[in-house]
Amino acid sequence: GCDERPGRRGRGGCWSGSRWRPPSGCDERPGAGERRLPLTLPFAAEIERFPPPPASSTPGAVPPLLPPVRGGPQPAASSSMAGVSLLEELLEEDQGDMTDWNLLVAFTKKRHSEKIEGSKAVTQSWRMKDRMKTVSVALVLCLNVGVDPPDVVKTTPCARLECWIDPLSMSPQKALESIGANLQKQYENWQPRARYKQSLDPTVDEVKKLCTSLRRNAKEERVLYHYNGHGVPRPTVNGEIWVFNKNYTQYIPLSIYDLQTWMGSPSIFVYDCSNAGIIVKSFKQFALQREQELEVAAINPNHPLAQMPLPPSMKNCIQLAACEATELLPMNPDLPADLFTSCLTTPIKIALRWFCMQRSAKLVPGVTLDLIEKIPGRLNDRRTPLGELNWIFTAITDTIAWNVLPRDLFQKLFRQDLLVASLFRNFLLAERIMRSYNCTPVSSPRLPPTYMHAMWQAWDLAVDICLSQLPTIIEEGTAFRHSPFFAEQLTAFQVWLTMGVENRNPPEQLPIVLQVLLSQVHRLRALDLLGRFLDLGPWAVSLALSVGIFPYVLKLLQSSARELRPLLVFIWAKILAVDSSCQADLVKDNGHKYFLSVLADPYMPAEHRTMAAFILAVIVNSYNTGQEACLQGNLIAICLEQLNDPHPLLRQWVAICLGRIWQNFDAARWCGVRDIAHEKLYSLLSDSIPEVRCSAVFALGTFVGNSAERTDHSTTIDHNVAMMLAQLINDGSPVVRKELVVAFSHLVIQYESNFCTVALQFMEEEKNYPLPSPASVIEPGNFTPVRDGPAVPRLRTVSSYGNIRAATSVRNLNKSLQNLNLNEETGGSNPFSPGYLSTSSSASSTLGSPDNDEYILSFETIDKMRRVSSYSSLNSLIGVSFNSVYTQIWRVLLHLAADPFPEVSDLAMKVLNNTAYKATMNARPQRILDSTNLTQSAPASPTSKGAHIHQVGGSPPIPSTSSSSLTNDVSKQTGPRDISAASRQGIVPTVALPYTPHSHQFSRTRKMFDKGPDQTVEDSEDGVGHKSFISTTMQTGFCDWSAKYFAQPVMKIPEEHDVESLVRKEREWRFLRNGLVRKRASQIIEKGITRLDDQIFINRNPGVPSVVKFHPFTPCIAVADKDSICFWDWEKGEKLDYFHNGNPRYTRITAMEYLNGQDFSLLLSATDDGAIRVWKNFADLEKNPEMVTAWQGLSDMLPTTRGAGMVVDWEQDTGLLMTSGDVRIIRIWDTDREMKVQDIPTGADSCVTSLSCDSNRSLIVGGLGDGSVRIYDRRMAPNECRVMTYREHAAWVVKTYLQKSSEGNIITVSVNGDVRFFDPRMPESLNVIQTVKGLTALDFHPQANLFACGSMNQFIAVYNASGDVISNIKYYDGFMGQRIGAISCLAFHPFWPHLAVGSNDYYMSIYSAEKRIR
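Residues numbered from 1 in each chain as written. Predicted model: local features only at pLDDT ≥ 70, side-chain atom pairs only at ≥ 80, totals over all residues. Heavy atoms only, no water.

Along its length, the protein carries 45 helices and 38 strands. A burial count over the protein gives 61% of its 1414 residues as buried. Long-range contacts, defined as pairs at least 24 residues apart, comprise 68% of the intrachain contacts of the protein with a sequence gap of at least 6. Carbon and sulfur atoms form 52% of the exposed surface of the protein, whose accessible area is close to 54,900 Å². (Helix = DSSP H or I, 4+ residues; strand = E, 2+ residues; numbered from the N terminus. Buried < 20%, exposed > 50% of the residue type's maximum accessible area, 1.4 Å probe, protein only. Contact = heavy atoms within 4.5 Å. Areas by Shrake-Rupley, 256 points an atom, 1.4 Å probe, with all protein chains shown as cover.)

A few words on the side chain of T450. Assignment of secondary structure puts T450 in the loop between strand 10 (442–444) and helix 14 (455–476). Residue classification places T450 among the buried positions, given a relative accessible area of 2%. Other than its neighbours up to four places away in sequence, T450 contacts I400, V404, L428, E431 and W456.

The subject of this paragraph is the environment of A606. Tracing the backbone through its elements, the reader meets A606 in helix 23 (residues 606–619). Along the chain, A606 and L650 lie 44 residues apart, while their C-alpha atoms are 6.8 Å from each other. In this structure, A606 is in contact with D645, H647 and L650, ignoring residues within four places of it in sequence.

Strand order across the open sheet formed by four strands is 12-13-14-15, with antiparallel pairing between neighbours. The open sheet has two edge strands, strand 12 (1107–1110) and strand 15 (1134–1140), and neither has a second partner. On average, each strand axis in the sheet is tilted by 15° relative to the strand beside it, whichever way the strands run. Here five bridges tie strand 13 (residues 1116–1120) to strand 14 (residues 1124–1129), and the two strands are oriented antiparallel to one another. (Pairing = 2+ DSSP bridges. Axes fitted to C-alpha atoms, helices over the stretch in contact; angles between N-to-C directions.)

Attention shifts here to the sheet that holds strand 37 (residues 1394–1399). Note: strands within a sheet are paired through backbone hydrogen bonds, in either parallel or antiparallel orientation. Across the sheet, four strands lie side by side as 11-38-37-36; this open sheet has antiparallel pairing. Strand pairing shows two members of the sheet lacking a second neighbour, strand 11 (1094–1100) and strand 36 (1383–1388), which therefore form its edges. The sheet shows a mean angle of 15° between the axes of neighbouring strands, direction not considered. Sheet topology note: the strand 11/strand 38 (residues 1403–1408) ladder contains six bridges and is antiparallel. Bridging across to strand 38, Q1095 finds its partner in Y1407.

Once that is clear, we can look at the pairing of strand 38. In terms of burial, strand 38 is a largely internal element, six of the six residues being buried. Burial of strand 38 is two-sided: the residues Y1403, S1405 and Y1407 facing one way and the residues M1404, I1406 and S1408 facing the other way are all buried. Pairing of strand 37 with strand 38 involves five bridges; the strand directions are antiparallel. Opposite V1397, over in strand 38, you have S1405 as the bridge partner. Where strand 37 folds back on strand 38, the antiparallel hairpin that results is connected by three residues, among which Y1402 adopts a positive phi of roughly 80°.

In this section: helix 4 (residues 172–188). Spanning 17 residues, helix 4 covers 24 Å between terminal C-alpha atoms, matching the ideal 24 Å at 1.5 Å per step. Buried residues along helix 4 sit in contact with strand 3 (134–141), strand 4 (195–200), strand 5 (222–228), strand 8 (267–272), helix 8 (339–345) and helix 13 (418–435). (Expected span 1.5 Å × (residues − 1).)

This part takes up the nonpolar core. In terms of nonpolar packing, the biggest core is built from 292 residues, with Y225, W572 and F1127 touching the most fellow members. With eleven residues, the top contributor of residues to this core is helix 20 (residues 565–578). Other than its neighbours up to four places away in sequence, Y225 contacts A138, V140, V207, C211, I241, L254, L259, M263, I268, F269 and V270. Ranked by size, the runner-up nonpolar core spans 27 residues in total, among them F1113, L1386, L1395 and A1409. (Core = buried A, V, L, I, M, F, W, Y, C linked by side-chain atoms within 4.5 Å.)

With that out of the way, let us pick up empty space enclosed by the protein. If you add up the space inside the largest cavity, you get close to 210 Å³. Split into classes, the residues belonging to the lining of the largest cavity amount to eleven nonpolar, three polar and three charged. (1 Å grid on protein atoms, 1.4 Å probe; cavity = no way out; pocket = protein on both sides within 12 Å on 5 of 7 lines; lining within 4 Å. Points joined across faces, edges and corners; volume = space filled by probe spheres on them. Nonpolar A, V, L, I, M, F, W, Y, C, P; charged D, E, K, R; others polar.)

Printed below as a string of structure tokens:
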């Protein structure tokens, strides 16, 4: 039971079709219960259940809290309500009104709110680039047993033990040898594989010989030098330590400078002697002196050092010293003489002895120093008391270091070298013990003090618990009770996870969790908590990797325990989502087999199989070894079996996985061919989830995009796949269409020569076929053509993620608006035509013809090609090959290049222009002239270009005078034909080709012309460079964006469902505001509307208003002219925003709708070429308008000046959009699935002029251009769903309105002014009201039973339900009675008794029932 849609993190119910089914015991409201906690991990159940929140909106995409945006949502207060405060009303509001909570919210999923791209790759520092080993150890002991050095006065009794041996208990020589052997054994516990060399009471020469031989054998690895100077004088301030002469009669100084030279780097030095800190200081000084000498030698070639080999830098040397420069070693007889060495090499033994010597040890009765020696067990066996203590000690010292040290220092000292890590862990203990005897151990690099860290108390407790059991274990043989340390630390970690806020320090216990993974007892719980921690986000994954989790979880993949599977899959998904470079480690250790078995296991929950599919998709991503390993592991067959799994996220990742395994890997492609993988993927192309469709397109795109040689069989398959993909040309989701362009670009590269042929045919045809733009066609009797205005700078397209304010400076913007308004205005004497008068707006003539020289094919050329190919007689001109697959794909690309979503058209333009560029560059001279060869000859090879090409690259291009650089006359400038002819005659022309794609210096009107091909002419000498160019630029980032899902928290309550979050409070505020607007408006309407002529707003719009729409709840009105949208605050009278809608110049906006008006508002605009665009952040001071989505709502709709354009109706509660217009169907789109769900044939030969629907009754009413009104029941089959046709109107139906109640009637009106009322159950009208003739616009008020008519005869009449005129408006207020213009559009507010009117003289006015209180 989980929310089955990708992009959502909801769980807890399921989706049936497109409807939500809440889980049992859950709030049954639609939308309630969404996004519950995911049942991804076993511990999800532990997390507290939150109350089921209502349907979500996009976080962060909401207007700020009070004070409200744009002067607030308070509607115009009536005089009767003036005294009641907003707060009191809010408090009075019925909290139980759930209307808004229950409504669907369209276009607010992640794919709409985020840019489709992967996370920015963060370079991971956890992986040790220079992992090292200490391979050689020099043990230098200067003890001279029996003879104390002259400068140390020892106490009596005194500390005697060296390596736990009393040197006075045997002969001096034997003692020396025993101590040396013991010291070696102690070191071997930590690094058994190193080469150990002892040097006992040595001379200078012996030390030199030892060090140089060890360095020679170690090469670049680390060498350890252990120095015990208990039998020689203390080090000198000159940087010398002492050794002996051959006869042991003298102490001989040994300079640290010499020692550095012999030991080289990298090295580690341990000094166990008094005043050891002096050595550390001297070492640093000598290292500095060395570097300075090298710098001098580098400058001066005559310097004696210049000829010598470079000595190694001492920066990689580590030092550990027993005490500071002024301190003596402790002489307490209860302690060993080499206390520092004991701490470093036998930490548990010395820690226990030290514990017993503290006062607190008296609390553990019966424990003596003798008893400690008898602790049972081995250090490396964690099940025994001694082994467990050692394990706890490792965990605690590691944790202290991780919490106190800077990350990079921790990595260097505790993760790079096993022996160094052990010595430093033990050094922390040495600091604790020796400080209690007034000794301060020193290290280089220096560590922050750790001896007071709180974790030491946990160590004391663990020792206490262990020792308290000792007497009974040893004397009575009772069983050993294991320490609760690890369980308690896991609990502490769990508390941190459950209780903490987000911005805080990382949990101290993380390194302990790592240690616990070694224990089978706690492993499950540790993995559980680790999974929860990694789910906090990429920062948590990076932190866990820096602690050193990687080798542990890699090793665990060898475990066969089924209960670990969900946890390990989850953890690995999190790791690979953040750092995909782990793919190599997994394949190397055969880890991919683990995930193959999880994916193939039908008993695994779908979530875990999804994660396994994601992990495998990362393993095979651009990694040939991974592809081969997974192909052998039968990945393709496993994936194909799960393509139709009910879980959408699994379908999505299985398809991506397939697409990646055969990407540039032919063996996998042929394996897919044998399993007919491409045909099995076809079913996903019609999936209800856009992300799944997109992943299927990706998989089929890489399937055809392999660069291997093609056979006839594979070519046939490629053609089949291409034709299947072509069916998605009008998919509702831009994400899918972008991936479609990339899939076709693979095909274009694969069959480049064929596509070049097609490109040349189309380019040739485009020149020969004059195609006037519909916008310039003036039909007789339509309206007077407008004089061409000056080509002023116009508002630029605001593309998705684009920026209108950046595109146009304020000065230019204002200037362009003034110029627009100064153009000749149309009077009211035009002959009337049904349709939108705004077509005559001067805006249509202001967009000049841009010179798009950056592309070979400009947008206009491509658009013309597209329209030519759709209705010209190309078939007869070109012959058989026109209907080839290549031609059809070229047509699809032409169509996609005119896509309403800029990112889609940009990509398609790039593909078309790359091909056109190749085609024109490679064409043989006679190719273009001799059209008989067009069908037969393939393009010439890339290297057979004429000599003139080389001259072209650097010279400046000549700007074209026509909209298309390929339609120039020969007389104007040297075109491709002239160059072909010239090269045939051996002339090398010096002018530039008009389509050199590097001229980034010309004006452009659309953002899509930003990037031309980045390749110079010389580069394309061979086809290879071109191939790599197009394929590297052709990516959508969809797969990387999908992978972000696994990097983000999946167990966290989404912000909008947290009842205390800001986002949730903002929604609650908006919904209270909505309730208030409804309540206040209904109070005014209940009193009765007797007149509606008080002008509360008037302003001159930048363009002739063609569509107007009130926002239901804020004082904002959207006014569309031909190709731009203006937003006004009708309370304040301010213009809020004005931006270009992005439609081509020969099209116009014919419909608008507010989506999600109750919550996070979006604006939908529809144009007469069938394109739909959805905008957000309009009328927002802080953000720029942004395109959320766009798609071709109706295809094959050729814009005409007389048609109805596109008409739409929106159902908020179902998320369905009805579209129709100059077509013979009504098309229904499901905005949740972003796909067409139904095409209803209208059954008429004329256009649909108006649509109205009622979701409760599933009825759609359409008014048509022939005067008929038709009712459709969308639950029935397409051929049977027309249930009623009324033919009472004699002319064009201006408006139809279906009342939204179960008994609601249909109201329709035609151009002739006859308003008719129908009951859908009756065959004839119930009532007719005759209004004005020459009607141009009409609207019905949904609440107040009013309707308003606008006439071309320059007046507005408002009627009540009985047909009585309650207001007649002919003049503007306050403009000396200026007559209003011909009415181009009008609309009622959904709740308030407000009427907005747009007229042909650019003015926009709003009329209300009563005066506003100002």
